[in-house]
Each structure stands twice: as structure tokens, then as C-alpha cells.
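Understanding the architecture of this molecule
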Amino acid sequence: QVQLVESGGGLVQAGGSLRLSCAASGRTFSGYAMGWFRQAPGLEREFVGFIRWSSESTYYTDSVKGRFTISRDNAKSTMFLQMNSLKPEDTAVYYCAAAMSYIVSPKRLYDYDAWGQGTQVTVSP
């Protein structure tokens, strides 16, 4: 089973930027898609965005459109989340996930086959 490792979290002031990475272990990732989710204290894990691996098409939740960008490096089996114009409400633990086969809805947590350990993103006012 693919293993995912996130990196790149940290503390940033509002309006700043961070880039998260999610590296898939083993051979070149050959799954259907990867996604980003986040979970703030006391709240449920929520969908942020995802990328279909072969086409590189992306889809985002409304609250991050125009600020966050997902990309991938196929040779390194790595997905990125570029976060700009960060807001305090973006503070959360960010998780990446991999779907090895077709999924109907990228927002459903249980459709993903593997998860990373999470990385903390804190945005100060």
C-alpha cells in the first residue's frame, strides 16, 4: 500500500504563503488522484482540493479558490499545495490522501485509500 508523508507546515502571518508537499513512497504513483484535507480543533476533517494524477485537473473547495493551488511532480510522486493569502481560519492540520482507483466524489474521506500523518499550519492574525 502506498505511504504518504507530508511536509512544509509551519507558522505564518496572515497574508503570507506556505507550500506543503506530500510524497508517496515506493514506485511512481500510479493511482487515480490525490487530495488535501484539513482539520481544525474541534471540527471535522474537511476537503480542501484534489488533483487527478494523469490529467492534472484540479478541484477546490470554494473557501480556498484563487488562493490555493495543487500541483504534482510525477517523477517524484509528490503532490504540492501552494497556499497564498493565508487567513487565520486556514489554521488546521493538513492531510494528504491518495485514491488508487476512480472515485465519484473527491470530498468523501472514505473513498481514499491512504493518508499521510498530517502537518500543522498555523496562521497568526
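Reading the values: the criteria
Residues numbered from 1 in each chain as written. Predicted model: local features only at pLDDT ≥ 70, side-chain atom pairs only at ≥ 80, totals over all residues. Heavy atoms only, no water. Disulfide = S-S within 2.5 Å. Helix = DSSP H or I, 4+ residues; strand = E, 2+ residues; numbered from the N terminus. Buried < 20%, exposed > 50% of the residue type's maximum accessible area, 1.4 Å probe, protein only. Core = buried A, V, L, I, M, F, W, Y, C linked by side-chain atoms within 4.5 Å. Contact = heavy atoms within 4.5 Å. Salt bridge = Lys/Arg side-chain N within 4 Å of Asp/Glu carboxyl O. Phe/Tyr/Trp six-rings, centres within 6.5 Å; stacked < 30°, edge-to-face > 60°. Lys NZ or Arg CZ within 6 Å of the ring centre and 35° of its normal.

**Some points on the state of the cysteines**
The tally for this structure, following the rule as stated, stands at one disulfide. In this model, Cys 22 is linked to Cys 96 through a disulfide, with the two sulfur atoms separated by 2.1 Å. Between Cys 22 and Cys 96 the disulfide shows an S-S torsion of about 65°. By sign, it is right-handed. Separated by 74 residues along the polypeptide, Cys 22 in strand β3 (residues 18-24) and Cys 96 in strand β9 (residues 92-99) bring together distant segments of the chain. Classification of Cys 22 as buried rests on a relative accessible area of 0%.

**Side note on the nonpolar core**
Leu 4, Met 34, Trp 36, Met 79, Met 83 and Tyr 94 are the most contacted members of the largest nonpolar core, which totals 28 residues. Breaking this core down by element, the ones donating at least two residues are β3, β4 (33-39), β5 (46-52), β7 (68-73), β8 (78-83), β9 and β11 (119-124). Filtering out sequence-adjacent residues up to four positions away, Tyr 94 remains in contact with Glu 6, Leu 20, Phe 37, Arg 38, Val 48, Phe 68, Leu 81, Met 83, Gly 118, Thr 119 and Val 121.

**Regarding the pattern of salt bridges**
In a structure, side chains of opposite charge can pair up when their charged atoms sit close to one another. Counted according to the given criterion, the structure contains six salt bridges. A salt bridge links Arg 38 to Glu 46; the shortest N-O distance between them is 2.6 Å. In this structure, Asp 90 engages Arg 67 in a salt bridge whose closest nitrogen and oxygen atoms are separated by 2.8 Å. With a gap of 23 residues between them, Asp 90 in the loop between β8 and β9 and Arg 67 in the loop between β6 (58-60) and β7 connect regions that are remote in the sequence. Exposure remark for Arg 67: the relative accessible area of 10% places this residue in the buried category. Through salt bridges with shared partners, a single network forms among Arg 38, Glu 46, Arg 67 and Asp 90.

**Section: the packing of aromatic side chains**
Inspection of the entire model under this criterion finds seven aromatic pairs. Relative to Trp 53, the ring of Phe 29 lies with its centre 4.9 Å away and its plane at 75°, an arrangement referred to as edge-to-face. Placement of the pair is Phe 29 in the loop between β3 and β4 and Trp 53 in the loop between β5 and β6, with a sequence separation of 24 residues. As far as burial versus exposure is concerned, Phe 29 and Trp 53 are alike and both buried. Arranged with centres 5.2 Å apart and planes meeting at 85°, the rings of Phe 37 and Tyr 112 form a pair that is edge-to-face. A residue pair is termed long-range when its members are at least 10 positions apart, and Phe 37 in strand β4 and Tyr 112 in the loop between β9 and β10 (114-115) qualify at 75 residues. You can call Tyr 112 buried: its relative accessible area is 6%. Members of the aromatic cluster, joined through ring pairs, are Phe 37, Phe 47, Tyr 59, Tyr 112 and Trp 115. The side chain of Arg 19 reaches across the aromatic face of Phe 80, ending 4.1 Å from its centre. Note that Arg 45 overlies the ring of Trp 115, its terminal NZ or CZ placed 5.0 Å from the centroid.

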